[in-house]
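Each chain is listed here by its residues.
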Amino acid sequence: MEITQDLVRYLEALGRIELSPEEEVKTQKDLADILGYIDKLGELDTAGVEPLSHAAGRTNITREDVVINGDMQEQVLSNAPETKDGTILVPRTFD
Amino acid sequence: MDDKTILGLTALELGRAIKEGKTTSLEACKAYIEAIREEDKKYNSYVTVCEEQALAKAKEIDAKIASGAITSDLAGVPIAIKDNICTKGILTTCASKMLHNFIPPYDATVIKKLEEEGMVIIGKTNMDEFAMGSTTETSYHGATINPRGANRVPGGSSGGSAACVAANLAPIALGSDTGGSIRQPASFCGVTGLKPTYGTVSRYGLVAFASSLDQIGPISRDAMDAAAMYNIINGRDDRDQSSTDCNDVSLDNIKSFDVKGKKIGIPEQYFGEGIEPGVKDAVMKAVAYYESKGAIVEKFDMPIVDYAIPTYYIIACAEACSNLSRYDGIKYGFRPEDATDLTSVYIKSRSQGFGLEVKRRIMLGNFVLSSGYFDAYYNKALQAKSLIKDAFDKAFEKYDVIIGPVAPTTALEIGKSLSDPLKMYLGDICTVLVNIIGLPAISVPCGESDGLPVGMQIIGKPYDEEQILGFACNYQNGSKEA
């Protein structure tokens, strides 16, 4: 399929990424190459084949919902770019 | 014991020497750290060396070994850890600007397990950014150089782990394998790399790339070391619901493994177009060795191999774009100074924090999952996955193991791969199927082509680690005798 500049920009928006103009040109070409190759998969006959997610067929394994990793507020917050009064600080979201 | 002798030992030999009092964990750690300081400028295999923590830990372990509190085979042995496995209090960067300053508040389950057995972490190893790459050139910390070939890449993404083991700068290391990231660098650097069955090793604390494909495993000097390490890290973990109970492998069985009467399947498509003749020759010579020891070798057709790369890149990128949405410049990681409102924090952090290969995969992932393309790409890949499983199930009805090359080529020249990502992706043709359906596989050095190491890949049935390790060990014992 054709990879247009519009599609590249749409994918940037979906991924919350902004490419430089040079990156954009290169990415347009690279995506065209890669998807051109990936399109080969269309030749594979998969009529009637159920999609498989987990190879061993395991589903929905749960455990008791208990805290097993508490008491690390300080270490967790020390990785955040901005904190205030024991919380993570983010820019204002509403005016 | 002098430093040179220590550096020359396998992990099990070193563990035995420590246990027998011929050396100590402290002496071993010092020898390695000094060697890293002197030699690693050439290779850049480590991104962090934890001298202070390691030496303190080694002293503690020596006391525990002396008192009999720790008796593991690998007690006191130093280990290097790929920089995408969380180590409490030690930088874990994933070789990305995005996590350049990230210090995990917790240990990955594998780290807990190896520390309980008395192993000592000496450093964190270089890798492709977020494990996305096959050359360790996309690292924010600069490329790693292959100790086995000047001007050659070590492979990737666990290039630092493979290079440090190959250069005798660690007796053993942990890597992670999403599409060949343990096996291919092991092959390029001439060391042994085990990708265990999906679910046997907890992924808790492994920074997620593609959760249905990722698996942690050892990179080591031989199969016996890989086996001992596998026994330490495997097992069900409540913190990873995809993990499962599994048996330890028997080191005795592996050591004395006999291939007589075993059936080896050789998929024709693993030796097709694009495979270097020197690689093919080396692998077929290893297969001939098994035949000489009484194994039955048979070639067979596996046409699904032609669809391996498209299926893999669709699934891997789809999962990656979801997993990497957590990097938003809020909770941890890189945030540029000039980002002021919430949206610009997200966009600028991600645009400046991720390298181009990571961005490309996020975009590919969003594409195959997006409305209008989901069925044609993502769903189609999951259908292909089902057919891939059928093909391997059928093959394993006839064969005990499947053998092929790890990679179509030997280590590539530095600087030749990144400009053409599709070409780089095609190099994963022999390794990715194993991840798609969660099989165990091992990369075993099997000679050279034009002076560079070649790896043979032995693929097993799910949970059949003992058999592929046995095959690997049998070959390595044979090469020692020859």
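Residues numbered from 1 in each chain as written. Chains lettered and ligands numbered in written order. Predicted model: local features only at pLDDT ≥ 70, side-chain atom pairs only at ≥ 80, totals over all residues. Heavy atoms only, no water.

Undergrad: How should I be thinking about the pairing of strand E10 (residues 441-449) of chain B in this particular structure?
TA: Consecutive side chains of a regular strand alternate in pointing toward one face of the sheet and then the other. All names here are of chain B. Pairing of strand E5 (residues 192-195) with E10 involves three bridges; the strand directions are antiparallel. Across the sheet, residue Gly-193 finds its bridge partner in E10, namely Ser-443. As paired elements, E10 and strand E11 (residues 452-459) share seven bridges and run antiparallel to each other. Bridged to Glu-448 within E11 is Pro-453. In sequence, E10 turns back onto E11 through a hairpin of two residues, with Asp-450 there showing a positive phi of about 50 degrees. (Pairing = 2+ DSSP bridges. Helix = DSSP H or I, 4+ residues; strand = E, 2+ residues; numbered from the N terminus.)

Undergrad: What exactly am I supposed to notice about the interface of chain A and chain B here?
TA: Interface extent is often summarised as the accessible area lost during association of the parts. Listed by partner, the interface residues are 54 residues for chain A and 66 residues for chain B. Regarding the contact of chain A and chain B, the summed buried area is about 5,300 Å², with carbon and sulfur atoms giving 67% of it. One can count three salt bridges joining chain A with chain B. Here chain A is connected to chain B by 18 residue pairs in polar contact (both at pLDDT 80 or more). Looking at the side of chain A that touches chain B, the elements with two or more residues in it are helix H1 (5-14), helix H2 (21-38) and helix H3 (73-78) of chain A. No other element matches H2 of chain A, which puts 10 residues into the side of chain A that touches chain B. (Contact = heavy atoms within 4.5 Å. Buried area = accessible area lost by both parts, 1.4 Å probe. Salt bridge = Lys/Arg side-chain N within 4 Å of Asp/Glu carboxyl O. Polar contact = N/O pair within 3.5 Å; in protein donor to acceptor, adjacent residues only side chain to side chain.)

Undergrad: So what exactly am I meant to see when it comes to the side chain of Ser-344 of chain B here?
TA: Topologically, Ser-344 of chain B is positioned in helix H12 (residues 342-353). Among all residues touching Ser-344 of chain B, those that are not within four sequence positions of it are Ala-339 and Ser-349 of chain B.

Undergrad: Explain the pattern of salt bridges to me, please; I cannot follow it from the model alone.
TA: Counted under the stated rule, the structure contains 24 salt bridges over all chains. Here Arg-335 of chain B ties to Glu-82 of chain A by a salt bridge, and the two come within 2.9 Å at their closest N and O atoms. Residue Arg-335 of chain B is found in the loop between helix H11 (308-323) and H12, and its partner Glu-82 of chain A is found in the loop between H3 and strand E1 (83-84); the two belong to separate chains. According to the relative accessible area criterion, Arg-335 of chain B is buried, its value standing at 15%. Between Lys-57 of chain B and Glu-60 of chain B there is a salt bridge, and its shortest N-O distance comes to 3.8 Å. Of the two residues, Lys-57 of chain B and Glu-60 of chain B are both situated in helix H4 (residues 51-67); the distance of three residues between them amounts to about one turn of the helix. Take Glu-60 of chain B: its relative accessible area is 38%, and that puts it in the partly exposed class. (Buried < 20%, exposed > 50% of the residue type's maximum accessible area, 1.4 Å probe, protein only.)

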